[in-house]
Amino acid sequence: MESKEEAGGPDAPGLCCASFNQDTTSLAVGNKTGYRLFSVTSVDKLDCVYESAESPDVYIVERLFSSSLVVVVSQATPRRMNVYHFKKGTEICNYSYSNNILSVRLNRQRLVVCLEESVYIHNIKDMKLLKTLLSTPPNPSGLCALSINHSNSYLAYPGSATIGEIIVYDANNLNTVTMIPAHDSPVAAVTFNASGTRLASASERGTVIRVFSIPEGHRLLEFRRGMKRYVNISSLSFSPDSQFLCASSNTETVHIFKLRATPPPPQETSPTWSAYVGKVFSAASSYLPAQVSDMMNQDRAFATVRLHVFGQRNVCALATIQKLPRLLVASSDGQLCVYNLDPHEGGECVLAKRHRLFGSDKERGALEEPQPDTAAPAQSCQSYAATVATSGATPSSATLTGYSEDGGAMKDKLVP
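Residues numbered from 1 in each chain as written. Predicted model: local features only at pLDDT ≥ 70, side-chain atom pairs only at ≥ 80, totals over all residues. Heavy atoms only, no water.

Novice: Quick rundown of the side chain of Ser331? Include the residues and the values.
Specialist: Structurally, Ser331 can be placed in strand E26 (residues 324-331). The exposure class of Ser331 is buried, given its relative accessible area of 4%. Looking at Ser331, its side chain comes within polar contact range of the side chain of Asp333, at 2.3 Å. Once residues lying within four places of it in the same chain are set aside, the contact partners of Ser331 are Leu15, His308, Gln312, Arg313 and Asn314. (Helix = DSSP H or I, 4+ residues; strand = E, 2+ residues; numbered from the N terminus. Buried < 20%, exposed > 50% of the residue type's maximum accessible area, 1.4 Å probe, protein only. Polar contact = N/O pair within 3.5 Å; in protein donor to acceptor, adjacent residues only side chain to side chain. Contact = heavy atoms within 4.5 Å.)

Below you can see the structure in the form of structure tokens.
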């Protein structure tokens with residue numbers, strides 16, 4: 001979930017990058033002066049948990065859940081990845097690669113670095129390089145996704161530069177799982193759900209979003225974002241319970257789709273007029289051209305958000321904050337907007353709060369008064385150990401060991 005945007009000047013508040021952590025409890029942003037980490041466990045208050053000005057022009061910053069591990073890449077050294085323990089103020093390791101780093105993805109088991117024509121897979125416990133995928137199809141945007149469920153660390157990246165193929169790779173067992181023919185045109189966005197059992201994708205046209213089963217790669221659902229114009233999908237994100245999927249683009253609208261369950265087999269009942277019409281409609285669709293039939297079977301957006309800006313790059317995420325479903329949108333103008341989502345009625349989402357991401361603590365006060373909210377107060381951001389210990393955390397495999405904040409350090413590693 002990453003957004004790259006050129007800032008307008010040395011003092012411009014715009015973002016160079018923005019990314020939510022794996023469980024959407026933290027937001028990491030970078031600009032010309034460095035990077036900041038925010039806790040997003042409350043609607044009314046946006047706490048800055050860490051700020052660094054040591055690395056200017058940060059264009060990649062990724063935090064591992066609520067732990068102290070953060071990965072940073074700056075424009076000054078675009079081929080070098082620095083891994084820090086920000087609470088201790090120490091560097092865990094750094095690696096240099098043969099070309100510019102385009103994206104970084106991580107879970108508790110693996111750290112993945114994506115270059116334009118290669119992918120590097122590290123063991124996050126000791127940062128050792130486990131596998132190099134060379135001569136991958138040209139991927140100038142560094143598009144890739146890594147399942148946050150470290151028991152099945154599935155990695156997805158484009159399988160072609162001309163059509164919408166997606167390669168699903170097992171980053172734990174280091175072997176290719178499947179190839180999904182997802183779209184006719186090249187893939188522009190891809191993401192896993194929290195359990196790593198679903199994969200959503202969108203093509204460069206941006207009109208259709210599809211959901212596939214993992215690891216089989218079967219097409220499960222299809223959503224139509226629009227028909228009138230092609231758009232650039234900037235981010236896709238499942239809700240924590242995999243009931244919703246949001247998509248943001250370079251337009252003023254964020255779409256939220258509801259993932260319906262597979263309907264049970266029909267029971268033998270007395271026929272009704274509506275059932276008869278439904279059968280005729282379904283039968284007729286089978287005789288239509290494939291493109292028209294697909295359109296008839298596509299679902300529309302369950303809920304939408306009208307952004308306050310148009311044409312700016314943004315990154316969106318669905319989260320449960322103070323026991324209520326919310327949509328978070330971080331835009332390149334340096335703002336984070338929090339919207340309320342009605343999980344039953346859908347419709348137009350209501351803006352609950354708008355926060356400024358840069359400036360002093362006083363200047364970063366909320367820009368909008370909140371909607372009345374009777375939910376319980378948010379809990380404090382958990383430590384990495386506490387996150388692992390919670391019953392709701394993804395169970396780990398008995399044969400896998402994850403990241404330890406007291407692990408060994410490696411300096412100035414050059415990846416061949």
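Resuming the write-up.
Novice: Can you break down the sheet that holds strand E9 (residues 103-106) residue by residue, with the values?
Specialist: Pairing within the open sheet is antiparallel, and its four strands lie in the order E9-E10-E11-E12. Since the sheet does not close on itself, it has two edges, and those belong to E9 and strand E12 (129-134), each with one partner. Averaged over neighbouring strand pairs, the angle between their axes works out to 15 degrees when direction is ignored. One ladder, built from five bridges, connects strand E11 (residues 118-123) with E12; its direction is antiparallel. Following the sheet pairing, Ile121 is matched in E12 by Lys131. (Pairing = 2+ DSSP bridges. Axes fitted to C-alpha atoms, helices over the stretch in contact; angles between N-to-C directions.)

Novice: I'd like to hear about the pairing of strand E7 (residues 80-85), residue by residue, with values.
Specialist: Successive residues of a regular strand alternate their side chains across the two faces of the sheet. When you tally the buried positions in E7, you get five out of six residues, the bulk of the element. Across four bridges, strand E6 (residues 69-74) lies against E7 in antiparallel orientation. Looking across to E7, one finds that Leu69 is bridged to His85. Bridge count between E7 and strand E8 (residues 90-96): six bridges; the pairing is antiparallel.

Novice: Run through the nonpolar core, naming residues and quoting values.
Specialist: Counting residues in hydrophobic clusters, the biggest one holds 23 residues, and the most contacted among them are Met81, Ile101, Leu111 and Val113. Of all the secondary structure elements, the ones that give two or more residues to this core are strand E5 (58-63), E6, E7, E8, E9 and strand E10 (110-114). Those residues in contact with Ile101 that lie beyond four places of it in its chain are Tyr59, Ile60, Val73, Pro78, Arg79, Arg80, Met81, Val113, Cys114 and Leu115. Within the second largest apolar cluster, 20 residues are counted, among which are Val29, Val40, Val315 and Phe358. (Core = buried A, V, L, I, M, F, W, Y, C linked by side-chain atoms within 4.5 Å.)

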